[in-house]
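Residue-level structural notes
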Amino acid sequence: MPLPPGPFVRCRWSAAVLVLRLVVGFFTCTAGSEYAATAALPAAFSDRLPHFLVEPEDKYIVKNKPVTLTCRSTPATQIYFKCNGEWVHQDDHYIEHSVDPATGLPVMWVTIDITRQQVEKIFGLDEYWCQCVAWSTTGTQKSQKAYIRIAYLRKNFEEEPQSKEVALDQEVSLRCHPPEGVPPAEVEWQRNEDLVDPTSDPNFVITPDHNLVIKAARLADTGNYTCVAKNIVARRKSNSATVLVFVDGGWSEWSKWSACGADCSMWRSRECTQPSPGTGGKDCQGLDLQSLNCTSEQCPQTVRGAEDVALYVGMVAVALCLTLLLIVVVLVYRRKKEGLDADVADSSILTTGFQPMGIKPSKPGVWAPRPRRPPHRKNSHLLTIQPDLTTTTTSYQGTLRSRHDATAKFSMTNGPLLDPLPNGSHTLHNGKLNPDPAEFVSRFSTQSYFKTLPRDVANTSYGTFNFLGGRLTIPNTGISLLIPPEAIPRGKIYEIYLTVQRKEDLRLPLAGCQTLLSPVVSCGPPGVVLSRPVILSMDHCFDACLDNWAVRLKKQNYEGTWEDVLLMGEELVSEPFYCQLEAETCRLFSEQLGTFAVVGESLHMGAAKRLRLVLFSDAYCSTLEYNIRVYCMDDTQDVFKEVMQMERQLGGRLIDEPHVLLFKDSYHNLRLSIHDMPQAHWRSKLLAGYQEIPFYHIWNGSQRYLHCTFTLERLSLSTCELTCQLCVWQVEGEGQSFSLDFNIAKDTRAVDSEFLVMDSNATALAGPSAFQIPYLIRQKICSSLDAPCPNGADWRMLAQRLKLERHMSFFASKASPTSGILDLWEAQHFHSGNINQLAAVMADIGKQEAMIFLVSDGDC
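Rules of the game
- Residues numbered from 1 in each chain as written.
- Predicted model: local features only at pLDDT ≥ 70, side-chain atom pairs only at ≥ 80, totals over all residues.
- Heavy atoms only, no water.
- Helix = DSSP H or I, 4+ residues; strand = E, 2+ residues; numbered from the N terminus.
- Buried < 20%, exposed > 50% of the residue type's maximum accessible area, 1.4 Å probe, protein only.
- Contact = heavy atoms within 4.5 Å.
- Areas by Shrake-Rupley, 256 points an atom, 1.4 Å probe, with all protein chains shown as cover.
- Disulfide = S-S within 2.5 Å.
- Pairing = 2+ DSSP bridges.
- Axes fitted to C-alpha atoms, helices over the stretch in contact; angles between N-to-C directions.
- Core = buried A, V, L, I, M, F, W, Y, C linked by side-chain atoms within 4.5 Å.
- Salt bridge = Lys/Arg side-chain N within 4 Å of Asp/Glu carboxyl O.
- Patch = residues over 30% accessible without salt bridge, like charges linked within 9 Å, V, L, I, M, F, W, Y side chains within 5 Å.
- pLDDT = per-residue confidence, 0-100.
- Phe/Tyr/Trp six-rings, centres within 6.5 Å; stacked < 30°, edge-to-face > 60°.
- Lys NZ or Arg CZ within 6 Å of the ring centre and 35° of its normal.
- Polar contact = N/O pair within 3.5 Å; in protein donor to acceptor, adjacent residues only side chain to side chain.

**Looking at the overall build of the protein chain**
Looking only at helices and strands, the protein chain has 10 helices and 52 strands in total. Across the 860 residues of the protein chain, 47% fall into the buried class. For the protein chain, the share of sequence-separated contacts (at least 6 apart) that also reach a separation of at least 24 residues comes to 69%. When the accessible area of the protein chain is evaluated, it comes to approximately 42,900 Å², of which 53% is carbon and sulfur surface.

**Topic: unusual backbone geometry**
In this model, Thr 74 is joined to Pro 75 through a cis peptide bond whose omega is -20 degrees. Position of Pro 75 relative to the elements: it lies in the loop between strand E7 (67–74) and strand E8 (78–83). The residue Glu 193 is not glycine, and still its phi comes out positive at about 75 degrees. The residue Glu 193 is located in the loop between strand E19 (186–191) and strand E20 (194–195) in this model. The phi torsion at Glu 486 lies on the positive side, around 75 degrees, for a residue other than glycine. Checked against the element boundaries, Glu 486 lands in the loop between strand E32 (479–483) and strand E33 (494–501).

**Thoughts on the state of the cysteines**
All told, the structure shown has 3 disulfides when counted by the stated rule. Here Cys 71 pairs with Cys 132 through a disulfide, and the sulfurs are 2.3 Å apart. The chirality of the disulfide connecting Cys 71 with Cys 132 is left-handed, given an S-S dihedral of about -95 degrees. With a gap of 61 residues between them, Cys 71 in strand E7 and Cys 132 in strand E12 (residues 128–135) connect regions that are remote in the sequence. Look at Cys 132 and you get buried, because its relative accessible area is 0%. There is no disulfide at Cys 586, and the cysteine sulfur nearest it, in Cys 579, is 3.1 Å away. With relative accessibility at 1%, the residue Cys 586 sits in the buried group.

**Points about the sheet that holds strand E21 (residues 204–206)**
If you walk across this open sheet you meet the 3 strands as E17-E22-E21, and the pairing is antiparallel. Pairing within the sheet leaves two strands with one partner each, and these edge strands are strand E17 (172–174) and E21. On average, each strand axis in the sheet is tilted by 20 degrees relative to the strand beside it, whichever way the strands run. Of the pairings in the sheet, the one linking E21 to strand E22 (residues 212–214) comprises 3 bridges and is antiparallel in character. Residue pairing for E22: Ile 206 is matched across the bridge by Leu 212.

**Thoughts on the nonpolar core**
The biggest cluster of nonpolar side chains holds 69 residues, and the ones touching the most others in it are Leu 481, Ile 496, Leu 498, Ile 628 and Leu 726. Formed by 34 residues, the second largest nonpolar core is a distinct cluster that contains Ile 535, Ala 770, Trp 795 and Val 841.

**Observations regarding helix H10 (residues 835–845)**
Side chains three or four residues apart in an α-helix point the same way, a direct result of the helix having 3.6 residues per turn. Of all the positions in H10, only Ile 835, Asn 836, Leu 838, Ala 839, Val 841, Met 842 and Ile 845 are classed as buried. Contacts made by the buried residues of H10 are with helix H6 (775–785), helix H7 (795–801) and helix H9 (817–828). Following H10 by one or two positions, Gly 846 adopts a phi angle in the positive range, close to 100 degrees.

**Digging into the pattern of salt bridges**
As enumerated under the stated definition, the model contains 28 salt bridges in all. A salt bridge links Glu 486 to Arg 490; the nearest nitrogen and oxygen atoms lie 2.8 Å apart. Here Glu 486 falls in the partly exposed class, since its relative accessible area comes to 26%. Across the pair Asp 564 and Lys 554 runs a salt bridge whose closest N-O atoms are separated by 2.6 Å. Here the residue Asp 564 occupies a position in strand E38 (residues 562–567), and Lys 554 occupies one in strand E37 (residues 549–556), the gap between them amounting to 10 residues. Look at Asp 564 and you get partly exposed, because its relative accessible area is 45%. Beyond isolated ion pairs, a larger network of salt bridges with shared partners links Arg 191, Asp 201, Arg 218 and Asp 221.

**Side note on a nonpolar patch on the surface**
A grouping of Val 318, Leu 322, Leu 325 and Val 329 is seen on the molecular surface, where their side chains present a nonpolar patch of about 380 Å² in accessible area. Tracing the backbone through its elements, the reader meets Leu 322 in helix H2 (residues 306–343).

**What about the sheet that holds strand E5 (residues 51–54)?**
Strand order in the open sheet made by the 4 strands is E5-E7-E11-E10, with antiparallel pairing throughout. Across the chains shown, the open sheet's two edge strands, defined by having one partner strand only, are E5 and strand E10 (94–99). Pairs of neighbouring strands in the sheet enclose a mean axial angle of 30 degrees, with direction left out of account. With 7 bridges joining them, E7 and strand E11 (residues 106–114) adopt antiparallel strand pairing. Considered in E11, the bridge of Leu 69 is made with Ile 112.

**A word on the confidence of the model for the protein chain**
Looking at the protein chain, the pLDDT average stands at 76 and 72% of residues meet or exceed 70. Below pLDDT 50 for its whole length, residues 1–39 participates in 74 contacts with residues either more than four positions away or in separate chains. Counting interchain partners and residues more than four positions distant, the pLDDT-below-50 stretch residues 302–306 has 0 contacts.

**Digging into the packing of aromatic side chains**
Scanning all chains against the criterion turns up 18 aromatic pairs. Ring pairs connect the aromatic residues Phe 542, Trp 549, Phe 663, Tyr 667, Phe 695, Tyr 696 and Trp 699, which therefore count as one cluster. It is Lys 82 that lies over the ring of Trp 87; its NZ or CZ is 4.6 Å from the centre.

**Focus on the pairing of E10**
As paired strands, E10 and E11 are joined by 6 bridges and run antiparallel to one another. By the bridge assignment for E11, Val 99 is matched with Pro 106. Where E10 hands over to E11, the hairpin turn is made up of 6 residues, of which Gly 104 adopts a positive phi near 75 degrees.

**As for the environment of Tyr 578**
Note on placement: Tyr 578 falls in strand E39 (residues 577–581). In this structure Tyr 578 comes out as buried when scored by relative accessible area, which is 4%. As a C-alpha pair, Tyr 578 and Leu 566 span 12 residues in sequence and 7.6 Å in three-dimensional space. If we ignore the near neighbours within four places in the chain, the residues touching Tyr 578 are Leu 566, Glu 571, Arg 587, Leu 588, Phe 589, Arg 806, His 807 and Phe 810. Separated by 3.0 Å, the side chains of Tyr 578 and His 807 make a polar contact.

In structure tokens form, the structure reads like this:
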């Protein structure tokens, strides 16, 4: 029979005297000195294999405390441990012998101690194992393996919960990935330091991956939530995440209609009390007061006498005279227009504000082509027109309502047209509108429907428009509204506004992986009747790859709720909205005015937002401390403008050109650090090695720009030169490094000297001055290209030449496909468009004659 190394094992003694007791023919060691570990079994048990009553179990070493392994077997003549394939020395075993009182079988009990040093010496931190082997006269048996591991729990959570603001009854999910540990950490949640118990409150659920879900947020659920991880080594707490449950206001039921008043109108109202807004929730949006014209039976008018009959007869006679006069004017106008088409007569009234290309007319009032240029500029004359410079002012008399609308009340059913200006007229000087901003906003806000209009005059544009159309622009934001000719029905004059909403103006709910990709833009008033789509242009900040994103256009309805109205890439031509997505701009064809925003939901972790990093410092520094402010913002012009305006007020200055960084949906935070400063002159006062902006603050946050400040200290006031490296990276992702080298005393660049494109154009342009293509030329192009041609020389070829073939079905659904194409061209090329390039495209199609009014109706 094989034996373990050495013929003896050491017994555990409790006294100094050896007592031998005969038990069923063999000796048991109960006290005394050394004895042989091998004992002879009685004949009755000599044919049995040993089996284990107790086998060694897995153990964890906590800090430096050793662990004890235990093994018990019967019947056994010898028992010992083997660890990692090697016998444990006999001096390290502790053995006891006894008899099982139930069966009378002999029992051997052995224990050993394992230290941290033994585990680290052989297998480091993992896979150290031991096994018990027992002998009898018949053979041996091996126990199960017991693994001994060093226990630990790291300090940093792999993912911590993030603060959230949620509406009442909305589901909330707080994510938590505990620190790495052996054994794996157990997770529990606390709210305001009290344990969250899902068994006592079923509104809470802790998922298998340790996230806390609040099924329906209650006001009582507002608080600070902490993820707690613990194992046998330690207990760790995450940073607390604040959950704020807000209540949006709701409208009460409408009151009953009032009695019909003397002005033949009745009213009803409702209040924002069901529920009242609370905990930062938004106020009710929509009408709180409605009026309605009474019917003739309800209107308390007195019956007038016969003198009214004479008055009405006189009014009818005047109306007939005016009608006859109007007919005569129309006939004269048409005859002159026919002569204009044949003789290319003067049309300066339709081209007010159109800038000539430097050609003089061949005779007064006549447009003429330029003399032939060298070949490389042979098409430069095709859109050249000389305006009548004597016509500089056009006045529109009357109210802002339809000229045929005699109603004096505000009617929601006919569209929310605005009340007239005090003097009842508007004047356009060279097509530019310059009313008083404060007066405009004040007048708009008096209307009950427009009480939510932002008071930010600096970021609002407005103007008065008729069927000739026009354009509204908010300078240095990339936001504009093009109102094409004929978009406003003839006979109507609308006062239209365009504004960019700031974060405090309204709340845009985001859920899951959704993120805001554009500014929130309002144009109105909502509900006006449009004959053709307007084009709203605004920047976006994503990689424009629809394979990575599900991008939706959201619109705020009359009740203030946001609705999905368009999924980009899956537009339907029958819908009132259609989008042209460009590398950095979204152009929306819309048959309705309202409040819009672009929201994206990442389809996988490859989706990336564009962030713009901008660095500022104090313009003057008279102390040893020097601050560098690093802004992280959406890469759109409106946010950049807002930060520039704020820094101008703070007296800041740019110290480097803006940089663009792609921020991926990887749940990893953004880290920033400054390195490689000259240690002899500068040092950082930042205690940590880097600063960190949480992922959710960038991806889901309501604030579109964030910033962190690096405080540096120069060792002498005479030190002015600063060179360093700014490193920006997303955790476990690629980063960027920017070199900074500047003089803090001499560099006095203005805060917006180089990086804001100063827009000197008027914010509102009405009529022909708002367009690069003169009105009559536009009409000729449309009439020439709208009709299909067998050789394809029509609007379809124009779309192809302008790289708009993806939208063929959309243009084809319009009454004039060419008009839609030219509208988009105007929206794209207002600042940088070269009308000669469009002329070259027309020449390539074979329709260059349309550009100079020489097209014949039958030549297709």
